[in-house]
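Listed below, chain by chain, are the residues.
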Amino acid sequence: MSEPFLFLDPACCDLPEPLANDIRLLDRLLGEMLTQQEGPELARLARRLCHDDAEEAYSLISRMPELQDPLVVQRLLRAFTALFQLLNAAQQKEIVRVNRQRRTQLSGAPRPESIAEAVLALKNANVSADGVRRLLSRLDICPTLTAHPTEARRRAVLDKLQTISECLMEGAETTRSFRLDRPLDTEGLAEGALRRALLELWRTDELRSTAMTVDDEVRNALYYFDHGIMDVVAWLHDDLRSALSACYPGEAFEIPAFLTFRSWVGGDRDGNPHVTADVTWRTLLAHKRLALRAWRRRAEALQRELTQSARQAGVAPELIASIEEDRRSIALPEDVERHHENEPYALKLAFVRARLEATERSLDGLGDWRAEGPSFAPRPPAYENAGQLLADLRLIQSSLRNNNGAALADEGPLAHFVTQVQAFGFRLASLDVRQHSEAQERFLDEAFLAAGALPEDRPYSSLPEPDKVRLLTRELMGVRPLLPRGWLPSEAARDLPQLFEVIGHAQRYISPESVTSYIISMTHGLSDILEPLVIAKEAGLVRWRASANGLAMESDLDIVPLFETIDDLNGCDALMTTLFANRAYRAHLAARGGFQEVMLGYSDSSKDGGFLAANFALHDTQARLAAVCRRAGVELRLFHGRGGTVGRGGGRANRAILSQPPGSCTGRIRFTEQGEVVSYRYSLPPFAHRHLEQIASAVLLSAGLHSGSRPARNAWIGAMREMAAQSRRAYRALVYDDPEFWDFYVQATPIGHISQLAIGSRPARRPDGKGGGIENLRAIPWVFAWVQSRYVAPGWYGLGSALLWYIDQAPGNLEALREMYRKWPLFHTVLDDAQLELMRAHMPTAALYAARVRPAELGRRIHAEIEAEYARTRETVLSVTGAGELLSHASMVRRMIGLRNPAVLPLSRLQVALMESGGTLSLLSETDDPAWRDALLLSITAIAAAMQSTG
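Just so it is clear, the model here is predicted, and its values are computed rather than measured. (Residues numbered from 1 in each chain as written. Predicted model: local features only at pLDDT ≥ 70, side-chain atom pairs only at ≥ 80, totals over all residues. Heavy atoms only, no water.)

Undergrad: How do you make sense of the overall build of the protein chain when you look at a structure like this?
TA: Along its length, the protein chain carries 38 helices and 11 strands. Considering only C-alpha atoms, the protein chain reaches an extent of 85 × 80 × 60 Å along its principal axes. Within the span of the protein chain, comprising 951 residues, buried residues form 60% of the whole. Sequence-distant contacts, at least 24 apart, represent 82% of the contacts inside the protein chain between residues at least 6 apart. Surface exposure of the protein chain reaches about 37,500 Å², of which carbon and sulfur atoms provide 50%. Of note, the protein chain has its 110 positive side-chain charges centred 3 Å away from the centre of its 120 negative side-chain charges. (Helix = DSSP H or I, 4+ residues; strand = E, 2+ residues; numbered from the N terminus. Buried < 20%, exposed > 50% of the residue type's maximum accessible area, 1.4 Å probe, protein only. Contact = heavy atoms within 4.5 Å. Areas by Shrake-Rupley, 256 points an atom, 1.4 Å probe, with all protein chains shown as cover. Lys, Arg positive; Asp, Glu negative; His and termini not counted. Charge placed at Lys NZ, Arg CZ, Asp CG, Glu CD.)

Undergrad: Even after reading the chapter, I still don't get the sheet that holds strand β2 (residues 262–263), so can you show me in this structure?
TA: In any sheet, the strands associate via hydrogen bonds between backbone groups, in a parallel or an antiparallel arrangement. Read from one edge to the other, the open sheet built from nine strands follows the order β3-β2-β1-β11-β10-β9-β8-β5-β4, with strand pairing classed as parallel. Looking at the sheet topology across the chains shown, the edges are occupied by β3 (430–431) and β4 (433–436). Inspection of the sheet shows strand β10 (residues 635–641) paired to strand β11 (residues 668–674) by three bridges, in the parallel sense. Bridge assignment links leucine 638 to a residue of β11, and that residue is isoleucine 669. (Pairing = 2+ DSSP bridges.)

Undergrad: Got a minute to help me understand unusual backbone geometry in this structure?
TA: Negative phi characterises most residues that are not glycine, and trans characterises most peptide bonds. With omega at 10°, the peptide bond leading from proline 380 into proline 381 counts as cis. Mapped onto the secondary structure, proline 381 falls in the loop between α13 (344–362) and α14 (386–401). Across the junction of arginine 854 and proline 855, the peptide omega takes the value 0°, indicating a cis bond. In this fold, proline 855 is placed in the loop between α35 (843–850) and α36 (856–881). If you check the backbone angles, methionine 522 has positive phi at about 50° while not being a glycine. For methionine 522, the location among the structural elements is in the loop between β5 (517–521) and α20 (526–538).

Undergrad: Explanation requested: helix α1 (residues 17–38) in the structure shown.
TA: Given 3.6 residues per helical turn, the α-helix brings residues three or four places apart onto the same face. Compared with the 32 Å implied by 1.5 Å per residue over 22 residues, the 31 Å span of α1 between its first and last C-alpha is a close match. Within two residues after α1, glycine 39 carries a phi angle of roughly 90°, on the positive side. (Expected span 1.5 Å × (residues − 1).)

Undergrad: Just checking my understanding: could you explain the packing of aromatic side chains for this structure?
TA: Applying the stated criterion across every chain yields a total of 28 aromatic pairs. For the ring pair phenylalanine 5 and phenylalanine 80, a centre distance of 5.6 Å and an interplane angle of 75° mean the geometry is edge-to-face. Within this pair, whereas phenylalanine 5 is found in the segment before α1, its partner phenylalanine 80 is found in helix α4 (residues 70–105), the two being separated by 75 residues in sequence. When sorted by exposure, phenylalanine 5 lands in the same class as phenylalanine 80, which is buried. Between tyrosine 745 and tryptophan 786, the aromatic rings sit 5.3 Å apart at their centres with planes inclined by 50°, giving tilted as the arrangement. Placement of the pair is tyrosine 745 in helix α29 (residues 741–748) and tryptophan 786 in helix α31 (residues 779–788), with a sequence separation of 41 residues. Of the aromatic side chains, those joined through ring pairs into one cluster are Phe741, Trp742, Phe744, Tyr745, Trp782, Trp786 and Tyr791. Sitting above the plane of the phenylalanine 639 ring, arginine 670 keeps its charged end 3.9 Å from the centroid. Positioned over the ring face of tyrosine 736 is arginine 732, at 4.0 Å from the centre of the ring. (Phe/Tyr/Trp six-rings, centres within 6.5 Å; stacked < 30°, edge-to-face > 60°. Lys NZ or Arg CZ within 6 Å of the ring centre and 35° of its normal.)

Undergrad: How should I be thinking about the packing of helix α23 (residues 602–609) against helix α28 (residues 714–735) in this particular structure?
TA: In helix packing, the relevant descriptors are the interaxial angle and the interaxial distance, both defined with respect to the helix axes. Two elements in contact, α23 and α28, have axes whose closest approach is 8 Å; the angle formed by their N-to-C orientations is 75°. By the angle class used here, α23 and α28 are roughly perpendicular. Taking contact as the criterion, the partners of Ser606, Lys607, Asp608 and Gly609 in α23 are, on α28, Arg728, Tyr731 and Arg732. (Axes fitted to C-alpha atoms, helices over the stretch in contact; angles between N-to-C directions. Parallel < 35°, antiparallel > 145°, perpendicular 65-115°, else oblique.)

Undergrad: Teacher, can you tell me more about the environment of histidine 619 here?
TA: As for its position among the elements, histidine 619 is in helix α24 (residues 611–632). What histidine 619 contacts, discounting residues up to four positions off in sequence, is Ser659, Gln660, Pro661, Trp824 and Leu826.

Undergrad: So what exactly am I meant to see when it comes to the nonpolar core here?
TA: Core analysis: the biggest nonpolar cluster contains 166 residues, and Ile141, Phe225, Tyr248, Phe261, Trp295 and Phe424 have the highest contact counts within it. In terms of residue count, the dominant contributor to this core is helix α9 (residues 214–247) (16 residues). Those residues in contact with phenylalanine 225 that lie beyond four places of it in its chain are Leu145, Met230, Phe261, Leu290, Phe424, Leu428 and Ala429. (Core = buried A, V, L, I, M, F, W, Y, C linked by side-chain atoms within 4.5 Å.)

Undergrad: Explain the confidence of the model for the protein chain here, please?
TA: Detailed conclusions should not be drawn from predicted coordinates in areas where pLDDT is low. Taken residue by residue, the protein chain gives an average pLDDT of 88. The fraction at 70 or more is 92%. In the predicted structure, residues 917–927 sits below a pLDDT of 50 and forms 18 contacts with residues beyond four places in sequence or in another chain. (pLDDT = per-residue confidence, 0-100.)

Undergrad: Honestly, α14 in this entry has me stumped. Any pointers?
TA: An ideal rise of 1.5 Å per residue puts 22 Å on 16 residues; α14 measures up with 22 Å between its terminal C-alpha atoms. Here α14 has its buried residues at Ala386, Leu389, Leu390, Asp392, Leu393, Ile396, Gln397, Ser399 and Leu400. Where α14 is buried, its residues meet α10 (277–305), α11 (317–329), α13, α15 (406–410) and α16 (412–424).

Undergrad: Could you clarify how one ought to interpret the pattern of salt bridges in this entry?
TA: Any two side chains of opposite charge can pair, on the condition that their charged atoms come close. Under the counting rule described, the total for this entry stands at 73 salt bridges. Of the charged contacts, one joins arginine 75 and glutamate 38 as a salt bridge, the two residues approaching to 3.2 Å between their closest N and O atoms. Here glutamate 38 lies in helix α1 and arginine 75 lies in helix α4, a separation of 37 residues in the sequence. In this structure, the salt-bridge partner of glutamate 597 is arginine 637, at a minimum N-O distance of 2.5 Å. You can see glutamate 597 sitting in strand β9 (residues 595–601) and its partner arginine 637 sitting in strand β10, a full 40 residues away along the chain. The exposure classification of glutamate 597 matches that of arginine 637, with both residues buried. Through salt bridges with shared partners, one network takes in Asp140, Arg262, Asp432, Glu597, Glu635, Arg637, Arg668 and Arg670. (Salt bridge = Lys/Arg side-chain N within 4 Å of Asp/Glu carboxyl O.)

Undergrad: Which parts of the structure should I look at to understand the pairing of β4?
TA: The side chains of a regular strand alternate, first on one face of the sheet and then on the other. Of the two faces of β4, the one lined by Val433 and Gln435 and the one lined by Arg434 and His436 are each fully buried. Pairing of β4 with β5, which is carried by four bridges, proceeds in the parallel orientation. Within β5, the position partnered with valine 433 by the bridge is tyrosine 518.

Undergrad: Please clarify how the environment of alanine 190 should be interpreted in this entry.
TA: By the element assignment, alanine 190 lies in helix α8 (residues 189–202). Classification of alanine 190 by relative accessible area gives buried; the value is 11%. Separated by 178 residues in the primary sequence, alanine 190 and aspartate 368 place their C-alpha atoms 48 Å from one another.

Undergrad: Looking at this model, I keep getting lost on the side chain of histidine 863. Mind explaining?
TA: Along the chain, histidine 863 turns up in helix α36. At a separation of 2.7 Å, a polar atom in the side chain of histidine 863 contacts the side chain of tyrosine 791. Excluding anything up to four places from it in sequence, histidine 863 contacts Phe744, Tyr791, Met843, Ala846, Ala847 and Ala850. (Polar contact = N/O pair within 3.5 Å; in protein donor to acceptor, adjacent residues only side chain to side chain.)

Undergrad: Which parts of the structure should I look at to understand the pairing of β11?
TA: Burial of β11 is extensive: seven of the seven residues sit out of reach of the surface. Here β11 shows a buried face lined by Arg668, Arg670, Thr672 and Gln674 and a second buried face lined by Ile669, Phe671 and Glu673. Sheet analysis places strand β1 (residues 140–146) next to β11, joined by seven bridges and oriented parallel. Each bridged residue has a counterpart across the sheet, and for threonine 146 the counterpart in β11 is glutamine 674.

Undergrad: Explanation requested: the environment of phenylalanine 671 in the structure shown.
TA: In this fold, phenylalanine 671 is placed in strand β11. Here phenylalanine 671 falls in the buried class, since its relative accessible area comes to 5%. Excluding anything up to four places from it in sequence, phenylalanine 671 contacts Ile141, Cys142, Pro143, Thr144, Phe639, His640 and Ile695.

See the structure below:
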């Protein structure tokens, strides 16, 4: 008889009964499937591995003869990976279940951290209806999907896991027997579907056979829009409309498209040579094509639904006139006209559908952006822009509303369609383009030389910063172009001007909102921000026009500096002050409506200065930037470049929003959704709904209530500043100042193998970086490797030293820190995020990785330093929070980690054994058996699934 895979016992972790039942079911089904497909030996081997507790891990393979076959090792690792993927699906389903039940359990009160709760809080704080209208007018929430390579799972695997989540939810539905799309006998349907999905998952390769291309990444990103994001945006608008109606009865509110999406996928060329102008153009076309197809499907569905007869319901004369106008340019099939002869709403939607089809056909001639011509512009009956589609839909809405059909106009599919077109238009998601500041300099070296604009033919990049700024300002203020007609840069510098040409084409022929932001990585000086404006001016995106008051600049692109290192964060307010005083940039700002976006890099600042120093620098920077923009009369939107893990700025996004300094969140906010976070948050629409309602709730509260609150006490800010400095010293003493640290890191983590995973198109290192070492390693693999070895150091290292130092400075400092934790959202969030990472870290497992370091004394020495800091951090955090154990405030998370840990340890032991470079497993050599290489890579994906994190 088949047995469960690992005989997991959720009861020992005191998990809720529904979740415990799901875990037992999945463990049993996995065991049955493995027995059927592989025989009983694989599960038995897994259980033996779990009970192996020898002091060293590197001899594991020699001690267990079955593991000397790489194919057996692969199957074993895949079984563990499947187990953790199933646990993750069960945990997601439980979160959805709990949130669906919360309102019932709370006797009709709003769900915590929901839009309804936020609107009720505004009402209870005596915010008037006019105050809410002003808040809505500036509400602008913009998640931004990136392709950063932290998603270790294939799209095919993600599809199977989504099916498993849906089967779990279906099996839990108490009303499933009454669903009309099910047979009379429903017993066992959900479990049967689970079995099939699990078998499909097992028979699907876990690893990609080839590296991902940028086009692959684009298709993956678009999947989430088509399979949930569009619907979730409409649901959230419903939530807000319903909450306003309940709290402000009788008041009318115009709800804007307050939630819009952007993407970096196909536009982020920083360090990724595979993102070319051609790729960006194909991406923009794919965005518009998906949007048009989505709108066509919705028009078809509404055409079948809105079949009201003119004999049964009134119709506005304007709608009749619009249909007659459509007839003059569109010939519908005769049977369609006949079928809808007395159904004006359905007939109008048939014309809408025909115009959408024509618009989609117009994209067929846009394949080569270099072949621009008159045919690029859409011709009737195609829609010229999304505004025309929106006008048709609003005409239908108005006619229904004015003829006793308000429920059809303002609720359900038509209202959702209107909301979605407002939010996504024909662009779907505006595509950001990002480039490293050094790439701009390389192009301008050639451009200024060709224009004869440099004294003594010196390279532009060699000029002092003040001379660069003067030269750039002069060129921006000039009316004539810089470059001679027909001049071409070298092949190495050609992509940047081509990119700006593509942006111009996209704004003309795809959507004016298709590309609106240019982001500059590693912005260090004023010249870095002015340089792209000069290049944009050559492409016609920046130009001078005559006006009543003389010449005025027109600018089609927002220039977004990205500040990433601690030093750049500390100095960016002074830089922006100088920038706003520059006459050319003032003209650009005026052309952009006085709006400025600034991006803050959480990943690189943490890699540069450590967890606490980065958190404080980012908080302090937000306050200083807000003050600079207020003084300059500039409207600021902060763009938070958060990663998935706490070590890269992850954690609870809504808590982070509520802990921002007063005045820094006015209702406009942008944040990245990276890597595995995208699939985790957006694979299941109800899960995405919960994530985004928490974000919207936090922004409503932060902008509506907290913007005028008193700032944190000066003493608290001073304490944080001092602790951040101490933390940075402790972090950099280990990571940057110890000359032997890099030798430890590359041996005590699988960093050397992570780059072999085909999980993204971007290299793990910046291609233009000089040499190796931590300076040139990207933040994502940096954190990924620490997570794999269970140190998870980027999420806490240095915090304990800083807290202990501050406590020792004065007798009352411990109580001061406790008060800060109780009353200051920033400090509370920092310590709670650190608790999560401390809980996920496991020093006994990390010691197994350190034991393979050579010389052995190096491994022992640095492991002892990290372990001592871990103990300091754990003890001081518990002392400050007053808790008896880590994550006492998040018991569910704590319990799930407790359930997972015993099954993660054998994976880590096996990975350490696979990483050994001696004997027959010389995996660091390129000539190794690919079966052993794949086994090692599978150990990385298995631990990533177990830890629910890559980087």
